[in-house]
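Spelled out from the first residue to the last, the chains are:
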Amino acid sequence: MLLRKITLEEFGAYRGKQSLDLTTEKKKPIILIGGLNGCGKTTLLDAIQLALYGPRARCSGRGNKTYEAYLRESINRQADPTRGSSVTLEFTVTVDGTEHYYKVVRSWHTSGKSTLKEFLTAFIDEGYGARAKANRRAEPELKHSRVLSEGWADHVESLLPLEVASLSFFDGEKIESLADPERAASVIQSAIHSLLGVNTVQQLRTDLLALQRRQKLSDEEQHLMDNIHEQEREQKAVEAELEDAEQDVAQRRTSLGTARRSLETLEEAFAHEGGNLFNRRVEIERDHARALVRLTELRSSLANLAAGPLPLLMMSEHLKELRKQAKREQTAAEAGQVLGVLEERDQWLLELLPEEAKEAVTERLEADRAKRAKQADLKTDLALPSDMLTQLSLLDAASARDKARAAELLKEVADTDEERVQLERQLAGVPAASKVEAIQQEREAQLREVAKKEDAYERALERFTELKRRLEFVTASLDRAHEKFVRTKVKAEEVERIIKYSEKARRTLDLFSDALLKGHISRLEVAMLQSFRTLMRKQGLVQGLRIDTNKFTLTLTDSEGELLDPARLSAGERQLLAVSLLWGLMKVAGNRLPSVIDTPLGRLDSRHREHLVDRYFPYASDQVLLLSTDEEIDEYLLSRLESSVAHKYMLVHDDTTFTTSVVSGYWWNAGAQNVA
């Protein structure tokens, strides 16, 4: 397995979306990630395990918390919890010589006050290896796999078992704990069994033993034979019943078809004789009576309108003349009222004028009064009231309203009368009861006959279907009984053969398991000792290393062949011994797993640090992720490690917002100037 890329979104201290390219190059297997304490190095290690293993991940920040509580607290405190967090891990795995590209997205968010929802989506490109060989920069063609997503917990165990991953992802504290001989023994045992495949052999041996214990011969032949005979008799009986039921269904289907055709003939005859109209006679009569009542109401409404001003519309010309006369009388009345006032005004005005002007003015005033007197003098005076014009206007408005209403009523009268005529025609076409009564009775009787035959046909069909299901069940049971009987007859020989060869296979697996275990331990001893000597400053301190095949404890010997108590080693030397254990395991496993190391140089002196940087990190695996502080991989060690580094990143922490972001570079490289 090789990690390709990891993306954190609102995870822990990582604000927003932060991505790290983890691809390595030939002879450059190291990804160097720097960060001060509390910046998120361990969180990054947890994210890798969380993406792969979910609730089973051994995350350092989880402690005794429930998985749901851990996920809730992993959402960045400044992020919206309803949008949540996600961890995306991309990696390649070589299976049967073919490189597959995986992308796993694990996301979660809160819904409501108490609900947390988690999702896992898996993508795969199974043909990535072939394209990568042709083009080293080939991009993966990922496709979502629903089956892989739903079964990821099982699938990841086939790619990288959790127990094996614990040996691949480790921090400085784990390295220190491995310096304890008892702790180292349990790790060696777990690694040899899981990483090197010994547990597979032992599981196969256990499965064979379980198979042997399940084999036993029972004396049930006679009982099986009796059961078979009983089921055969039942099968024959059901077959006979089913045949009768099938014939009954066919007969009732034919009878029902004949009854339905007879009913269709009667329906046609009934319709031809006007039977449908006869059935609707009461309804038609009711509609006809309703139309007559409506006509009466409409005509009454018209009569009420005629009692009002509506008839005056026939005297429209006379009303026009009356309106003119009213205007003339109103004008004459107004002129007569003005004449008296004008005479007094003229007398007062003449008294004010000088004598020489009185004659001319008098003529003018007399002419004006004569003109007005002529207007007040009418040839015809009907002595109409003064508000006659107002009354005529009100009469016009009432007449217009009644005229519109009368038009509506007349239209409704015409429509209703047309409906009445149509209904009377239908009533005229209704046949006499004596004419359709006989055929109607015959039709109703045939309807009852069809309903009865339909019911009988349905019951016959249900019985046929039930018998068919019963026959299928009896036949299946009989087949199983025959198979069981055959197995019983050959079971004695089969059981004997299974027990014999299982026992032989178990003995072979015991020998193979012992040989495999000893072979792995021998290779691991050589690899560990070689690694320890490579890392140690005191080359002559340890000359021999043995691993007990039963207890898996480590034994060291000095240059004189005497046992060397691990307590005589310094804390740094015990830490190097733990690193040698992990390095040796990786060598024996073929360096096919990435090594993710958090704070690797905690308790080592400068010489041992140089040895790790020069002799271990570049060769620990095909991919090595180093999570370091500035005091571990400092400027000097960085210069020694530079040629083996594929990528460098810094985890920059903002103390004001308590968030971390990822930038390219390292403390003493371009791109890291803003590191706090």
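For every chain, the first residue of the written sequence is number 1, and numbering continues from 1 along that sequence. Given that this is a predicted model, residues contribute local features only at a pLDDT of at least 70 and side-chain atom pairs are listed and counted only at 80 or more, while totals for whole chains, interfaces and linings are drawn from all residues. Here the side-chain values reflect all heavy atoms present in the structure, with hydrogen atoms and water set aside.

Chemist: Give a description of the overall build of the protein that names residues and reports values.
Modeler: In this description a helix means any DSSP run of H or I spanning at least four residues, a strand means any run of E spanning at least two, and both kinds are numbered starting from the N terminus. Looking only at helices and strands, the protein features 19 helices and 15 strands. Burial classes follow relative accessibility: with a 1.4 Å probe on protein chains only, a residue under 20% of its type's maximum area counts as buried, one over 50% as exposed, and anything between as partly exposed. Buried residues in the protein amount to 40% of all 676 residues. A 1.4 Å probe and the Shrake-Rupley method give the accessible areas. Residues count as covered only by the protein chains that appear here. Of the roughly 38,700 Å² of accessible surface on the protein, a fraction of 50% belongs to carbon and sulfur atoms.

Chemist: Kindly report on the packing of aromatic side chains, identifying the contributing residues and their values.
Modeler: Only centres within 6.5 Å qualify two rings of Phe, Tyr or Trp (six-membered ring in Trp) as a pair; their planes then separate them into stacked at under 30 degrees, edge-to-face at over 60, and tilted for everything else. Counted by the stated rule, this structure contains 9 aromatic pairs. Measuring from centroid to centroid gives 5.3 Å for F91 and Y102, while their planes differ by 10 degrees, and the two rings are stacked. With F91 in strand β4 (residues 85-95) and Y102 in strand β5 (residues 98-111), this residue pair connects regions lying 11 residues apart in the sequence. Exposure remark for F91: the relative accessible area of 0% places this residue in the buried category.

Chemist: So what about the pattern of salt bridges? Which residues, and what values?
Modeler: For salt bridges, the criterion is a side-chain nitrogen of Lys or Arg within 4 Å of an Asp or Glu carboxyl oxygen. Within this structure, the stated rule accounts for 27 salt bridges. Across the salt bridge formed by R15 and E10, the nearest N and O atoms sit 2.4 Å from each other. Assessed through its relative accessible area of 13%, E10 is described here as buried. R260 is the salt-bridge partner of E454, the closest N and O atoms lying 2.9 Å from each other. Highlighted residues: E454 in helix α16 (residues 433-535) and R260 in helix α10 (residues 221-272), separated in sequence by 194 residues. When its relative accessible area of 31% is taken as the criterion, E454 is described as partly exposed.

Chemist: Talk me through the nonpolar core; I want residue IDs and the actual numbers.
Modeler: As used here, the term nonpolar core means buried Ala, Val, Leu, Ile, Met, Phe, Trp, Tyr and Cys residues forming a set that is joined through side-chain atoms within 4.5 Å. In this structure, L3, I6, L52, F91, W152 and L160 are the most contacted members of the largest nonpolar core, which totals 55 residues. Two residues form a contact once any of their heavy atoms are found within 4.5 Å. If near-sequence neighbours (up to four positions away) are discounted, W152 is found in contact with A51, L52, F91, Y102, V104, R106, L120, A122 and L159. In this structure, L32, L612, F617 and V624 belong to the second largest nonpolar core, which totals 47 residues.

Chemist: Outline helix α5 (residues 152-159), supporting the account with residue identities and numerical values.
Modeler: Buried residues of α5: W152, V156 and L159, and no others. Looking straight down α5, one finds that the buried residues subtend no more than 50 degrees of arc, so they occupy a single side. Along α5, exposed side chains directed more than 90 degrees from the buried face belong to D154 and S158. Buried-residue contacts for α5 involve α1 (41-53), β4, β5, β6 (115-125) and α4 (146-150). Each C-beta atom gives one direction from the helix axis, and the arc is the one those directions make.

Chemist: Help me get a handle on the pairing of β5, residues and values and all.
Modeler: Regular strands show a simple pattern: their side chains alternate between the two faces of the sheet. Inspection of the sheet shows β4 paired to β5 by 11 bridges, in the antiparallel sense. Each bridged residue has a counterpart across the sheet, and for F91 the counterpart in β5 is Y102. Being paired, for any two strands, means DSSP has found at least two bridges between them. Relative to β6, β5 runs antiparallel, the two being bridged by 11 bridges. Residue pairing across strands places S107 opposite F119, the latter belonging to β6.

Chemist: If you had to explain the sheet that holds strand β10 (residues 554-557) to someone new, which residues and values would you point to?
Modeler: Read across the open sheet, the 3 strands follow the order β9-β10-β11; overall the sheet is antiparallel. The open sheet has two edge strands, β9 (544-547) and β11 (563-564), and neither has a second partner. In the sheet, β9 pairs with β10 via 4 bridges, with the strands oriented antiparallel. Bridge pairing in β10 places R546 opposite T555.

Chemist: Could you give an account of the layout of surface pockets, with specific residues and numbers?
Modeler: The method works on a 1 Å grid over the protein atoms by themselves. A cavity is a set of points holding a 1.4 Å probe that cannot get out, a pocket is an open set with protein on both sides within 12 Å along at least five of seven lines, and residues with an atom within 4 Å of a point line them. Grid points are joined across faces, edges and corners, and a volume is the space filled by probe spheres set on the points. Within this model, the largest pocket holds a volume of roughly 1,100 Å³. Considering the residues around the largest pocket, the lining is formed by 36 residues, among which L2, R4, T23, T24 and Y128 are closest to the centre. Elements represented by at least two residues in the lining of the largest pocket include exactly β1 (2-11), β4, β5 and α3 (128-134).

Chemist: Account for the confidence of the model for the protein, with residues named and values stated.
Modeler: Think of pLDDT as the predictor's per-residue confidence, scored from 0 to 100. When the pLDDT values of the protein are averaged, the result is 79; 80% of them are 70 or greater. Within the protein, no element has a lower average pLDDT than helix α11 (residues 275-279), which sits at 61, and none a higher one than β1, at 94. Contacts of residues 671-676 to residues separated by more than four positions or lying in other chains number 13 contacts, the stretch itself having pLDDT below 50.

Chemist: Would you mind going over unusual backbone geometry in detail, with residue names and values included?
Modeler: Positive phi, normally seen in glycine, also occurs at E10, with a value near 55 degrees. For E10, the location among the structural elements is in strand β1. Here the phi dihedral of F658 falls at roughly 55 degrees; this positive angle occurs in a residue that is not glycine. Relative to the helices and strands, F658 resides in the loop between β14 (645-654) and β15 (659-664).

Chemist: An account of the pairing of β14 is requested, with residue identities and associated values reported.
Modeler: Of all 10 residues that make up β14, 8 are buried, and the element is covered over most of its length. Here 5 bridges tie strand β3 (residues 30-34) to β14, and the two strands are oriented parallel to one another. Among the inter-strand pairings, L32 is bridged to a residue of β14, identified as K648. Across 6 bridges, β14 lies against β15 in antiparallel orientation. Considered in β15, the bridge of Y649 is made with S664. What sits between the antiparallel neighbours β14 and β15 is a turn of 4 residues, in which F658 has the positive phi angle 55 degrees.

Chemist: Got a sec to walk through the environment of E631? Specific residues and values, please.
Modeler: Residue position: E631 is located in the loop between β13 (624-628) and α19 (635-641). Classification of E631 by relative accessible area gives exposed; the value is 61%. Sequence spacing of E631 and L36 is 595 residues, and the spatial spacing of their C-alpha atoms is 9.0 Å.

Chemist: Any chance you could break down the packing of α1 against α5 for me, citing the residues and the numbers?
Modeler: Helices that pack against each other are described as a pair by the angle of their axes relative to one another and the distance between those axes. Think of each axis as a best-fit line through the C-alpha atoms, taken over the contacting stretch in the case of a helix, with angles from 0 to 180 degrees between the N-to-C directions. Following both chains from N to C, one finds α1 and α5 inclined at 115 degrees, their axes separated by 9 Å at the closest point. Contact residues: α1 offers A51, L52 and Y53, while α5 offers W152, V156 and E157. Asp, Glu, Lys and Arg are counted as charged, while Ala, Val, Leu, Ile, Met, Phe, Trp, Tyr, Cys and Pro are counted as nonpolar; the rest, among them Gly, fall into the polar class. Across the contact of α1 with α5, the residue classes break down as 5 nonpolar, no polar and 1 charged.

Chemist: Can you lay out a nonpolar patch on the surface for me, pointing to particular residues and giving the numbers?
Modeler: Residues enter patches when their relative accessible area tops 30% and they take part in no salt bridge; the joining distance is 9 Å for like charges and 5 Å for the nonpolar side chains Val, Leu, Ile, Met, Phe, Trp and Tyr. On the surface, L312, M314 and M315 cluster together to form a nonpolar patch covering roughly 320 Å² of accessible area. Mapped onto the elements, M314 comes out in the loop between α12 (281-306) and α13 (316-352). Judged by relative accessible area, which is 74%, M314 ranks as exposed.

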